[in-house]
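# Structural description and commentary
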Amino acid sequence: RQKEQTLVLQRNFKEQAPDKDWIDMIDGKVDTAAQQLLSRQIAMIPPHVPTSTYTPPGDSNKAGLDKQKPEDRAYLRKVCDDFGESVAKSMAQGAQKLAVTRDETVDEAGHHLLFAVVRADKFCDTETTGKVVAAVQEYLSRRPDGSGQAFVVHGRSGAGKTYLMSKIMVGHIEERAGKGCVVIRFLGTSPASSAVQPLLSSLCKQLRRCYDKDEQVPSGFKELKAYFRKAVAEWPSEEQPLTLFIDSVDQLDDSNAGRRLEWLPMSGLSPHVRIVVSTLPDPANAEFQCLSQLRKGLGLADGASEGSCIVEVETISDHIRVLRHLLKLQGRTLTPEQEAAVDAAFLLRGENDDAAGTPLWLTIVAQFLALWTSYDGVKFEINPSVRGLIKDLFERLETTHGKHLVRAVLAFLTLCRRSGVSETELVHLLSLDDDVLADIYEWWVPSMRTCPPLVLTMLLAELAPYLSRRGDGSGQQLVSWYHRQFWEAAEEYLFGESGQQREGFISREERHTQLADFFAGKWAGKAKPYSAWLSERVQRPQFCPGETAGDRMVPTQPLVLEGRLTSAESERLLNTRRIQEHVDHAIRAGDKTSAVGDLCSIQYVAAKVAADDVSDLLREYSAAIERFPDQASALGEFAAFVGRNLDALRQKIPTAPFQFALQEPDTSGPYQSIKRLAERGGDPLIAIAGASGAENAARLVHWRGKPQQSDPCQLTIREHEGCVNAVAFSPCGKWVASGSDDMTIKICSAGTGEVKCTLTGHSGRVWSVAFSPDGTRVVS
């Protein structure tokens, strides 16, 4: 154990003249007491423990080390590198011994259960919430009556639906006491609950585990829907009933028409199944109106009464009681004067303000009121709207922490909406922002050109009540806004309303550029030049005069952190953050070189396949073609390559993307990409017969005499249950309408194959479909 856990690096200065660089000295003389302690410590080193000894370069008369001399600099670098490598290796070995095999199904279920328990503990019941709780509990305890319907809870943004659902979920779990299967999901709070395909996959895996089934969960979306419906319809029983809670279905993204909710059974349920869903009311002129879709699933016509299967969370009935409860959780109270100020602001709320006077409004108010003392009185006017409260919060943070730091952090939190951003990534991003560093370096310039982590920690501590933290599956904890009101308020605050850029704020495109450069590793291992303002700060006489650039100490961003793309899944570690984030930000930033460079690389295709992000890859191709029309040919060639091999790529065979690229025509982009990769070498599995050094290496199969024309197939769409009789492209070319023997019409994306919507109504086979000339209607 000593050999494994002890690290000794010993620098030998016995032949050198005494100098404060390597020996403790007092008033120019050697500190004998310190030398005695050092000798005792060296004597304690066991003889079997490996020791590295370093002797400084130069003669015995040398006084100190000069970092400007190459030999001294090389000596110090050697000591530091050996120390860092040894410590990192020791840490990795320790982590490996403590590591447990991750169980994604348990991790996901545990995340949502913890989310519910934490919020249920903070819930405060009122007269209005009591009505909703009673209605849901009556539905859950209702004897099977043959109706087989789900239950819907709806209310405006900030009405407290999530806390209400949490209270109901935890109460139901306790009541069941282990009998049956209870599955809960808070949509948008984890990567696996933000889009319908990973959501269905995680639900199916949990149901398969609960009911001890052998059937493997499929990867295709159509097959997932069928698997999920079968699981809900056939597996629950009287002894093992199923209760499924899904909060905030409106939080799903647009992929696979998730918010049309065709995947979710709302009626015809088994007597042993209960499904409770929550959503926002339908926003005016919105493309996806979840509440209408849920009503349709329940068989309720527009305008029909809600009956016993839908309940609305109404305006809060006792706001002062809720406020006192929230303050009590923090060990605080208010003076009568402060309480009166809150009451007055609550009564000023506007009915058109989306979340004024709601529990969310009270939660935000309680957070800053908890910082008021009794002798403060009313420190500032309380804004009666949620959006106004949030913007006031941002302005106060700027006053406390500096506008450049606050605006940068708010921007990165807001623009990384897909999954969030880690605190470590935020420190690196801030280190690359010259305005942030210049503002922080007003009084002092540290030895490294980075953002001090404590500066970010203090800001995030004030934002903590409004943030959610979640793992991304790679070991990182990501931070994001916990409520959509903060995203929307931050968007308006930073980037203006209706696309009008606010004066003095950095544009959305520039922020996306900062994110794209970081996830590409653009400045890793190199000095980034200073802006004029940062140069002025750094070059002051007492700091670093003449310095014009600095290494910001940001990491490299390879696609694979350990192993190779061709390695087995258990033998590699993907850089999931780079794979998920870089191209998306590059497209939004308009960085054609960076985005197209990745999308037209077989390595990037293989990385997306390995990360199980093929559908997202096709969406990236569609977005890039729209953003960079002059690159449509090259991007379209790669998109077609992925599309026609989609089913095989989803099997996640490590070498499959490279093998398929090798089978493309010699002049094609995928073949040229794999050829360049093979010529560079570095991976024995990527070698083409006849290439230098490939004779004795394991290599891909080279197809001699292969066709030199590309396969005309660009995408295979398997969504219908019957024969497809008719297909029509929309005038814009983005959509495909198809009619089938299954009596439906499906509108699919021509780029990704994802279903936009399913149209029903035919009583027989659909023989023909056509778009109107303006592309807004379909005739069948």
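This text gives an overview of the structure that appears in the document.

## Points about the overall build of the chain
Counting its secondary structure elements, the chain contains 28 helices and 22 strands. Since a compact globule built from 780 residues should have a radius of gyration of about 28 Å, the 31 Å found for the chain is in line with a globular shape. Principal axes of the C-alpha set define a box for the chain whose edges measure 100 × 90 × 55 Å. Scored against the burial criterion, the 780 residues of the chain give a buried share of 48%. Across the chain, contacts joining residues at least 24 apart in sequence account for 66% of those joining residues at least 6 apart. Summing over all exposed atoms, the chain offers an accessible surface of approximately 38600 Å²; the carbon and sulfur share of this is 51%. In the chain, 90 side chains carry a positive charge and 102 a negative one; their mean positions are 2 Å apart.

## Some remarks on the pattern of salt bridges
Applying the stated criterion across every chain, the model contains 38 salt bridges. Taking the shortest distance from any N to any O, the salt bridge between glutamate 488 and arginine 484 comes out at 3.6 Å. One end of the pair, glutamate 488, and the other, arginine 484, are both in helix 18 (residues 484-495), four residues apart, so they sit about a helical turn from each other. A residue is classified by how much of its surface remains accessible, and glutamate 488, at 27% relative accessible area, is partly exposed.

## Side note on the nonpolar core
If you look at the biggest cluster of nonpolar residues, it comprises 76 residues, and the most contacted ones within it are Trp361, Leu369, Ile382 and Trp481. In terms of residues, this core owes the most to one element, helix 14 (residues 403-415), which gives nine residues. Apart from the residues lying within four places of it in its own chain, the contact partners of tryptophan 481 are Phe394, Leu410, Leu413, Thr414, Leu463, Tyr466, Leu467, Ser468, Phe486, Trp487 and Ala490. Ala120, Val152, Ala159 and Leu252 belong to the second largest nonpolar core, which has 63 residues in total.

## Quick look at the packing of helix 21 (residues 576-589) against helix 22 (residues 592-599)
Each pair of packed helices gets described by two things: the angle between the helix axes and the distance between those axes. The N-to-C vectors of helix 21 and helix 22 enclose an angle of 135°; their axes lie 8 Å apart at closest approach. For the element pair helix 21 / helix 22, the angle class is oblique. Here helix 21 runs over helix 22; the crossing is left-handed. The segment helix 21 lies against helix 22, with Arg578, His582, Val583, Ala586 and Ile587 engaging Ser594, Ala595, Asp598 and Leu599. Among the residues forming the contact of helix 21 with helix 22, the class breakdown is five nonpolar, two polar and two charged.

## A few points about the sheet that holds strand 9 (residues 310-312)
On the basis of which strands lie adjacent, the open sheet formed by five strands has the order 6-7-8-5-9 and parallel pairing. Looking at strand neighbours, the two that pair on one side only are strand 6 (181-186) and strand 9, the edges of this open sheet. Averaged over neighbouring strand pairs, the angle between their axes works out to 10° when direction is ignored. Sheet analysis places strand 5 (residues 151-154) next to strand 9, joined by three bridges and oriented parallel. Counterpart to histidine 154 in the pairing with strand 9 is glutamate 312. Along the sheet, helix 7 (residues 196-210) makes contact with strand 6 and strand 7 (242-247), crossing strand 6 at roughly 160°. Together, strand 5, strand 8 (273-279) and strand 9 form the strand contacts of helix 9 (residues 290-297), whose direction differs from that of strand 8 by roughly 155°.

## Considerations on the state of the cysteines
In the structure shown here, the tally under the stated rule is zero disulfides. A disulfide-free cysteine, cysteine 290 has its sulfur positioned 14 Å from the sulfur of cysteine 757, the nearest such atom. On the basis of relative accessibility, which here comes to 4%, the residue cysteine 290 falls in the buried class. The thiol of cysteine 451 is not disulfide-bonded; the next cysteine sulfur, from cysteine 416, is found 16 Å away.

## Things to note about the sheet that holds strand 10 (residues 421-422)
Strand order across the open sheet formed by three strands is 10-12-11, with antiparallel pairing between neighbours. The open sheet has two edge strands, strand 10 and strand 11 (467-471), and neither has a second partner. Relative to strand 12 (residues 477-481), strand 10 runs antiparallel, the two being bridged by two bridges. What sits directly across from valine 421, in strand 12, is valine 479. Sitting on the sheet, helix 14 is in contact with strand 10, strand 11 and strand 12, with an inclination near 100° to strand 12.

## Here we look at helix 7
With 15 residues, helix 7 should cover 21 Å at 1.5 Å per step; its first-to-last C-alpha distance of 21 Å lies within 8% of that length. Among the residues of helix 7, those classed as buried are Val196, Gln197, Leu199, Leu200, Ser201, Ser202, Leu203, Cys204, Gln206 and Leu207. The first or second residue beyond helix 7 is aspartate 212, which carries a positive phi of 55°.

## Some points on the packing of aromatic side chains
Aromatic ring pairs are reported here in terms of the distance separating the ring centres and the angle at which the planes meet. Inspection of every chain in the model, using the stated rule, returns 16 aromatic pairs. Look at tyrosine 211 and tryptophan 235: their rings are 6.3 Å apart centre to centre, the planes differ by 50°, and that puts the pair in the tilted class. Here tyrosine 211, found in the loop between helix 7 and helix 8 (221-234), pairs with tryptophan 235, found in the loop between helix 8 and strand 7; they are 24 residues apart in sequence, far enough to count as distant. Judged by centre distance (5.4 Å) and plane angle (15°), the rings of tryptophan 481 and phenylalanine 486 are stacked.

## Remarks on unusual backbone geometry
A positive phi angle is found at aspartate 27, which is not glycine, with a value near 55°. Within the secondary structure, aspartate 27 is located in the loop between strand 2 (25-26) and strand 3 (29-30). Given the relative accessible area of 78%, aspartate 27 is considered exposed.

## What about the pairing of strand 17 (residues 724-729)?
Looking at chain direction, strand 17 and strand 18 (residues 735-740) are connected through five bridges and run antiparallel. Its bridge partner lying in strand 18, alanine 726 is registered against glycine 739. What sits between the antiparallel neighbours strand 17 and strand 18 is a turn of five residues, in which glycine 733 has the positive phi angle 80°.

Each value, and the rule that gives it
Residues numbered from 1 in each chain as written. Predicted model: local features only at pLDDT ≥ 70, side-chain atom pairs only at ≥ 80, totals over all residues. Heavy atoms only, no water. Helix = DSSP H or I, 4+ residues; strand = E, 2+ residues; numbered from the N terminus. Rg over C-alpha atoms; globule rule 2.2 N^0.38 Å. Buried < 20%, exposed > 50% of the residue type's maximum accessible area, 1.4 Å probe, protein only. Contact = heavy atoms within 4.5 Å. Areas by Shrake-Rupley, 256 points an atom, 1.4 Å probe, with all protein chains shown as cover. Lys, Arg positive; Asp, Glu negative; His and termini not counted. Charge placed at Lys NZ, Arg CZ, Asp CG, Glu CD. Salt bridge = Lys/Arg side-chain N within 4 Å of Asp/Glu carboxyl O. Core = buried A, V, L, I, M, F, W, Y, C linked by side-chain atoms within 4.5 Å. Axes fitted to C-alpha atoms, helices over the stretch in contact; angles between N-to-C directions. Parallel < 35°, antiparallel > 145°, perpendicular 65-115°, else oblique. Left-handed = near helix turned anticlockwise from the far one by under 90°. Nonpolar A, V, L, I, M, F, W, Y, C, P; charged D, E, K, R; others polar. Pairing = 2+ DSSP bridges. Disulfide = S-S within 2.5 Å. Expected span 1.5 Å × (residues − 1). Phe/Tyr/Trp six-rings, centres within 6.5 Å; stacked < 30°, edge-to-face > 60°.

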